[in-house]
Each structure stands twice: as structure tokens, then as C-alpha cells.
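As a plain string of letters, each chain reads:
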Amino acid sequence: MQDAAWWEAKYQRGEDGWERGAPNPALLQWVDQGLLAPGAQVLVPGCGRGHEVVELAKRGFAVVGIDFAPSAVQALRARLAQEGLAAEVVESDLFAFQEGPFDAIYEQTCLCALDPARWTDYERWLFARLRPGGLLLALFMQTGAEGGPPFHCDLLAMRRLFAEERWEWPASPPLFSPHPSGRFELGFALRRKAAS
Ligand SMILES: C[S@@+](CC[C@H](N)C(=O)[O-])C[C@H]1O[C@@H](n2cnc3c(N)ncnc32)[C@H](O)[C@@H]1O
């Protein structure tokens, strides 16, 4: 089971192949396109060392990052303090975090880190954390492989998980976000519908 201890051990051993070392260019593109209103409240689940949390804080958004791996949380808090930036970093299992609603959620390598048996719970959790009309900026990891983490986020499965009754999918093609690991992510800005 990939619990907090499992992820913490990965950080301790330096097995952090997901680390980009910089904010994801897809996030920068979405922000530069003006998808987030000035000062928007943004939640980043499974934020890890949180390059995106730092970037969002720099740009004046009210950011909350959550992760249950203590060393990742400590590293992010230290970096925010060093750079004189304000963001809340919560050390918790994300499913225990019940605050919101937020204007937007930035989902990067958290869904693919969770066992697919928990994906329905995660979709419900995301939906409940967003205000109606809020945005889920989602990067769906493409591995083309069995097993995980990272678990392959097949787009047909994503269409079923983030169903049209609850999420408005964009008409535009996805953002392509290559990763140094050789894998890539496909980015979609999904809008939460009012219905639950
Ligand atoms: C693959 S890493 C990605 C980290 C970060 N999003 C990035 O791209 O650099 C997955 C992260 O999710 C965190 N995580 C996994 N399951 C979690 C849960 N149930 N609650 C909180 N954090 C979780 C792990 O501790 C880890 O930091």
C-alpha cells in the first residue's frame, strides 16, 4: 500500500523520478492564458516539494498545498520561507482535508499516485473541494504501462471518471507536457458543474 510511510521512504531514498525541478510548463501556460482570476484560491493535492505551489504563490494566488510525506512538506515550507512567500502547506492525508470550496485545483501526479481503486473517491473529493464553476487543471499521466505508481490515466477512463454530468470538458485539444522521465502528461482544464 502506498501510504505516507511508503512515499516518505521514496523521498528519503532519493527515488523521486517525478521531480521536474521546476514548475510544469502546462501550469505556466494556463496561468498566462488567464484561466485563474487574480488572487484565486488554488488547492494543490499531493504537492510534493511543490514547485507549482511556489510559482502560484509568487504570482499572488492564495495557495494551499497538501501532502502526507513529512520531508516533502518540510522542504516546501523551508523554500517558501526562504523566498518570503505566503502559502499554506498542510501535512495530511488528502482525504482527511475537507476545506473549501476553492476556485481551482491543480492536479499533477497525484491521481496517478493513487491506487485506481481510490480514483472514484478522489473524483468525489475533488468535486467537493471546488466551487461550482471552479476549474480542475488536470494533467493526466500517460505511461502506457500496467501497474504503478505512476498509474496510467487512460483518457477513456478519465472521461468516465470525470463524467460529463459533473465536469465540462474543453473543446480544445489537450496540452502536451513531456517529462524528463520520458513519460508525458495530457492537460485538460475541466470545469466543475453545479450538479452533484
Ligand atoms: C508522484 S509524487 C508527485 C509530487 C508532486 N505533485 C510533483 O509533481 O512533484 C506524489 C505525491 O503525492 C503524495 N501523496 C500520495 N497519496 C497521498 C495522499 N493520500 N494524501 C496526501 N498526499 C499524498 C506523495 O507523498 C507524493 O509527494
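The residue numbers shown here count from 1 along each chain, following its written sequence. With pLDDT at 70 or above as the cut-off, local features in this predicted model cover only qualifying residues; side-chain atom pairs require 80 or more to be listed or tallied, and sums for whole chains, interfaces and linings still use all residues. The side-chain figures draw on all heavy atoms in the structure; neither hydrogens nor water molecules are used.

**Q** Looking at this structure, I do not really get the domain arrangement of the protein chain. What am I missing?
**A** One frequent convention defines the size of an interface as the accessible area lost when the parts assemble. These domain limits were set by an automatic method or by a database of domain assignments. Domain annotation for the protein chain reports domain 1 (39-99) and domain 2 (125-196). Inter-centroid distance (C-alpha atoms) of domain 1 to domain 2 is 20 Å.

**Q** Just checking my understanding: could you explain the site of the ligand for this structure?
**A** Any residue with a heavy atom lying within 4 Å of a molecule or strand is counted as near it. Tyr-11, Gly-46, Asp-67, Gln-108 and Thr-109 are the nearest of the 16 residues found near the ligand. Separating an oxygen atom of the ligand from a side-chain N or O atom of Thr-109 is a distance of 2.7 Å. Per-residue accessibility takes into account occlusion by the displayed protein chains alone, with areas from the Shrake-Rupley method and a 1.4 Å probe. If the ligand stood free it would expose 590 Å²; the protein chains cover 96% of that surface. Under a 2 Å grid-point criterion requiring more than half of the atoms, the pocket assigned to the ligand is the largest pocket. Polar here means any residue other than Ala, Val, Leu, Ile, Met, Phe, Trp, Tyr, Cys and Pro, which are nonpolar, and Asp, Glu, Lys and Arg, which are charged; Gly is therefore polar. Taken together, the residues of the shell around the ligand break down into 9 nonpolar, 5 polar and 2 charged. Polar contacts here mean pairs of N or O atoms no more than 3.5 Å apart (in protein, one a potential hydrogen donor and the other a potential acceptor; neighbouring residues in sequence count only if both atoms are side-chain atoms). The way it works is a 1 Å grid over only the protein atoms, where trapped points that fit a 1.4 Å probe form a cavity and open points with protein on both sides within 12 Å along at least five of seven lines form a pocket, and then any residue with an atom within 4 Å of a point lines it. Each molecule is assigned to a cavity or pocket provided more than half of its atoms lie within 2 Å of the corresponding grid points.

**Q** Explain the state of the cysteines here, please?
**A** Covalent bonding between the sulfur atoms of two cysteines defines a disulfide. The term disulfide is used for any two cysteine sulfur atoms that are within 2.5 Å. A full pass over the atoms with the stated rule returns 0 disulfides. For the unlinked cysteine Cys-112, the closest cysteine sulfur is that of Cys-153, found at 5.5 Å. Exposed residues in this analysis have more than 50% of their type's maximum accessible area, buried residues have under 20%, and partly exposed residues fall in between, with area computed by a 1.4 Å probe over protein chains only. By relative accessible area, which is 4% here, Cys-112 ends up buried.

**Q** Help me understand the packing of aromatic side chains in this model?
**A** When we look at a pair of aromatic rings, we describe it by the centre distance and by the angle of the planes. Stacked, edge-to-face and tilted are the three classes for Phe, Tyr and Trp ring pairs, Trp counted by its six-membered ring, which pair at centre distances within 6.5 Å; planes under 30 degrees apart are stacked, over 60 edge-to-face, the rest tilted. Enumeration according to the criterion identifies 14 aromatic pairs in this entry. With a centroid separation of 4.9 Å and 80 degrees between ring planes, the pair formed by Trp-6 and Trp-7 is classed as edge-to-face. Judged by relative accessible area, Trp-6 falls into the partly exposed class, the value being 29%. Here Trp-7 falls in the buried class, since its relative accessible area comes to 13%. Among the aromatic residues, those joined into a ring-pair cluster are Phe-127, Phe-140, Phe-162, Trp-167, Trp-169 and Phe-188. Note on geometry: a ring has a charge over it if NZ (lysine) or CZ (arginine) is within 6 Å of the ring centre and within 35 degrees of the ring normal. The residue whose ring lies beneath Arg-166 is Phe-127, and the NZ or CZ to ring-centre distance is 4.0 Å. A cation sits over an aromatic face here: Arg-192 above Phe-127, 3.8 Å from the ring centre.

**Q** Can you walk me through the environment of Trp-7 in this structure?
**A** Numbered from the N terminus, helices here are DSSP runs of H or I no shorter than four residues, and strands are runs of E no shorter than two. Following the sequence through the fold, Trp-7 ends up in helix 1 (residues 4-13). Along the backbone, Trp-7 and His-179 are 172 residues apart, and their C-alpha atoms lie at a distance of 20 Å. The contact criterion used throughout is that any non-hydrogen atoms of two residues lie within 4.5 Å. If we skip the residues at most four places from it in the chain, Trp-7 touches Gln-2, Trp-18, Phe-68, Ala-69, Ala-113 and Pro-149.

**Q** What is the right way to look at the environment of Pro-45 in this model?
**A** Within the secondary structure, Pro-45 is located in strand 1 (residues 41-45). Pro-45 sits in the buried class, given a relative accessible area of 1%. Remark: the alpha-carbon pair of Pro-45 and Trp-6, spanning 39 residues in sequence, is separated by 17 Å. Contacts of Pro-45, omitting those with residues within four sequence positions, involve Ile-66, Leu-94, Ile-105, Tyr-106, Cys-110, Tyr-122, Trp-125 and Leu-126.

**Q** Please explain helix 3 (residues 51-58) as it appears in this structure.
**A** An α-helix turns once every 3.6 residues. As a result, residues three or four positions apart point the same way. Counted residue by residue, helix 3 has 7 buried out of 8 residues, so it is predominantly covered. When helix 3 is considered as a whole, its buried residues turn out to be His-51, Glu-52, Val-53, Val-54, Glu-55, Leu-56 and Ala-57. Looking at the buried positions of helix 3, the neighbouring elements they touch are helix 2 (25-32), strand 1, strand 2 (62-67), helix 4 (70-82) and strand 4 (102-108). Following helix 3 by one or two positions, Gly-60 adopts a phi angle in the positive range, close to 90 degrees.

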